[in-house]
Amino acid sequence: MPLGGVQVGSYDSYERAQAAVDHLSDEKFPVENVTIIGSDLRQVEKVLGRLTTGRAIGAGAAGGAWWGLFVGLLLGIFAPDGAGWIGSVLAGLLIGLVFGALFGWMGYAATQGKRDFTSTSRIVAARYDVMCAPAHAEQARELLARFSLRF
């Protein structure tokens with residue numbers, strides 16, 4: 001028996017496989033006996049744009065500013081008055097911005113121009129199989145046959 005049981009459906013997108021399992025659930029099928037298995041995995045990397053020194057410094061500064069703001073707000077809790085609170089927040093923001101920019105520049109310089117672009121990666125499958133425990137497979141096939149007629 002294959003991993004996850006017996007195949008009761010196969011879909012070209014995860015959303016369709018998820019919709020099939022949702023249909024089974026709507027029909028009061030015991031979905032704890034169902035598994036979705038992605039096959040033929042591949043990594044897809046979407047290139048978003050060029051990475052320059054300025055962009056690396058800007059991104060580092062923005063990330064550092066958020067962390068500095070967070071630390072400044074935490075330290076501001078202990079300030080005796082409103083002026084001390086504002087001072088803590090602004091100091092945290094400024095220090096975070098400077099260190100973030102510095103670390104962004106150092107990280108970019110360390111790559112020595114070998115990766116001058118930004119991107120996002122994700123793992124996708126060519127096919128998504130809905131598998132079911134053998135004892136419930138026939139019922140699942142019948143329900144999914146009606147589901148496929150709707151689309």
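These numbers were taken from a predicted model, which means no experiment stands behind them.

Focus: the overall build of the protein chain
Right, so step 1: A tally of helices and strands in the protein chain yields four helices and three strands.
Right, so step 2: Order of helices (α) and strands (β) in the protein chain, N terminus to C terminus: β-α-β-α-α-β-α.
Right, so step 3: Against the 2.2 N^0.38 benchmark of 15 Å for 151 residues, the protein chain shows a C-alpha radius of gyration of 26 Å, more extended than a compact globule.
Right, so step 4: The dimensions of the protein chain, computed from C-alpha atoms along their principal axes, are 70 × 45 × 30 Å.

Some remarks on helix H3 (residues 82–110)
Because each turn of an α-helix spans 3.6 residues, side chains separated by three or four positions end up pointing in the same direction.
Right, so step 1: Helix length check: H3, at 29 residues, gives a terminal C-alpha distance of 42 Å against a target of 42 Å (1.5 Å per residue), a fit within 8%.
Right, so step 2: Along H3, the residues that are buried comprise Val89, Gly92, Gly96, Gly100, Ala101, Gly104 and Tyr108.

A closer look at the environment of arginine 115
Right, so step 1: With respect to the helices, strands and loops of the structure, arginine 115 is situated in the loop between H3 and strand E3 (117–132).
Right, so step 2: By relative accessible area, which is 37% here, arginine 115 ends up partly exposed.
Right, so step 3: With 65 residues separating them along the chain, arginine 115 and arginine 50 place their C-alpha atoms 9.2 Å apart.
Right, so step 4: Filtering out sequence-adjacent residues up to four positions away, arginine 115 remains in contact with Glu45 and Leu51.
Right, so step 5: A distance of 2.7 Å separates the side chain of arginine 115 from the side chain of glutamate 45, its partner in a polar contact.

Notes on the packing of aromatic side chains
Right, so step 1: Throughout the structure, instances matching the rule amount to three aromatic pairs.
Right, so step 2: Aromatic pair tyrosine 14 and tyrosine 128: ring centres 5.7 Å apart, planes at 70°, arrangement edge-to-face. Residue tyrosine 14 is found in helix H1 (residues 14–26), and its partner tyrosine 128 is found in strand E3; the two are separated by 114 residues along the sequence.
Right, so step 3: For the ring pair tryptophan 67 and phenylalanine 70, a centre distance of 6.0 Å and an interplane angle of 85° mean the geometry is edge-to-face.

Points about the side chain of serine 39
Right, so step 1: Looking at where serine 39 falls in the secondary structure, it is placed in strand E2 (residues 34–50).
Right, so step 2: Classification of serine 39 by relative accessible area gives buried; the value is 15%.
Right, so step 3: Serine 39 has contacts with Ala125, Ala126, Arg127 and Asp129, leaving out every residue within four places of it along the chain.

Each value, and the rule that gives it
Residues numbered from 1 in each chain as written. Predicted model: local features only at pLDDT ≥ 70, side-chain atom pairs only at ≥ 80, totals over all residues. Heavy atoms only, no water. Helix = DSSP H or I, 4+ residues; strand = E, 2+ residues; numbered from the N terminus. Rg over C-alpha atoms; globule rule 2.2 N^0.38 Å. Expected span 1.5 Å × (residues − 1). Buried < 20%, exposed > 50% of the residue type's maximum accessible area, 1.4 Å probe, protein only. Contact = heavy atoms within 4.5 Å. Polar contact = N/O pair within 3.5 Å; in protein donor to acceptor, adjacent residues only side chain to side chain. Phe/Tyr/Trp six-rings, centres within 6.5 Å; stacked < 30°, edge-to-face > 60°.

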